[in-house]
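Coordinate inspection notes
So the chains spell out like this:
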Amino acid sequence: MSPLALVSVSDKTNIISFCKELVEKFNYKILSSGGTAKYLSDANIPVIKVSEFTNSPEILEGRVKTLHPKIHGGILAKRSDKKHQRDVDMNKLELIDLVVVNLYPFKKKTEAKCSWDEAIENIDIGGPSMIRSAAKNHKDVFVLVDPIQYQDFLEKNKAGTLNEEYKAKLAFEAFQHTADYDTA
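Definitions and cut-offs
- Residues numbered from 1 in each chain as written.
- Predicted model: local features only at pLDDT ≥ 70, side-chain atom pairs only at ≥ 80, totals over all residues.
- Heavy atoms only, no water.
- Core = buried A, V, L, I, M, F, W, Y, C linked by side-chain atoms within 4.5 Å.
- Buried < 20%, exposed > 50% of the residue type's maximum accessible area, 1.4 Å probe, protein only.
- Contact = heavy atoms within 4.5 Å.
- Helix = DSSP H or I, 4+ residues; strand = E, 2+ residues; numbered from the N terminus.
- Pairing = 2+ DSSP bridges.
- Axes fitted to C-alpha atoms, helices over the stretch in contact; angles between N-to-C directions.
- Polar contact = N/O pair within 3.5 Å; in protein donor to acceptor, adjacent residues only side chain to side chain.

Counting 43 residues, the largest nonpolar core has F18, L98 and F153 as the members making the most contacts within it. Discounting residues that sit within four places of it in the chain, F153 has contacts with F18, L22, Y28, L98, F142, L144, L162 and Y166.

Turning next to unusual backbone geometry. In this structure, N14 takes a positive phi of about 60° despite not being glycine. The residue N14 is located in the loop between β1 (4–8) and α1 (15–26) in this model. With a phi close to 60°, N55 is a non-glycine residue in the positive phi region. Overall, N55 belongs to the exposed group, its relative accessible area being 68%.

Judged by pairing direction, the sheet is parallel, and its five strands sit side by side in the order β3-β2-β1-β4-β5 without closing on themselves. Each edge of the open sheet carries a strand with a single partner, namely β3 (47–49) and β5 (142–144). If you compare each strand with its neighbour and ignore which way they point, the axes differ by 25° on average. With three bridges joining them, strand β4 (residues 98–101) and β5 adopt parallel strand pairing. When the bridges of β5 are listed, V100 appears paired with L144.

Looking now at helix α5 (residues 82–90). Capping the start of α5 is the job of one residue whose side-chain oxygen sits 2.8 Å from the backbone nitrogen of K83: D81. Of the residues one or two after α5, K92 is the one with positive phi, at around 50°.

Here it is as structure tokens:
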């Protein structure tokens, strides 16, 4: 079975080349929502839309898209836990192996003196949830939160050196990223 990457990024720097390599060299399937799904699809990268994956539409003007048991169950399931595997099977969950998420530009918007309402709309809810889920389950899931991480991930994948130490490092960076975001 092909590995599954959930990709949802506000900063689209290098995301097309990264996803193209994931698909072409590592046989990943890409799961994405909203603007990222359209951006990747427009670049001829095959994408499974989150709404199709969950069989639930994006609602509330896009405020709710990835907050779904099929998403978080696929991220949080411990691969070696029999109880988790039973839940995965019973609920027909597909495991998500890689989470690539960066967050709405809240800090950038507020530094540009945007309106209160615009600031509120730039508070990311689903993104931090996916990042934290992936970081919590870092023994089974990789989490990338910054475009500068993409090349290193690809190189380690090519070299066969995607190990637990690297996963833990990424998890630490992910938790730091969400902490900084919350502080802002």
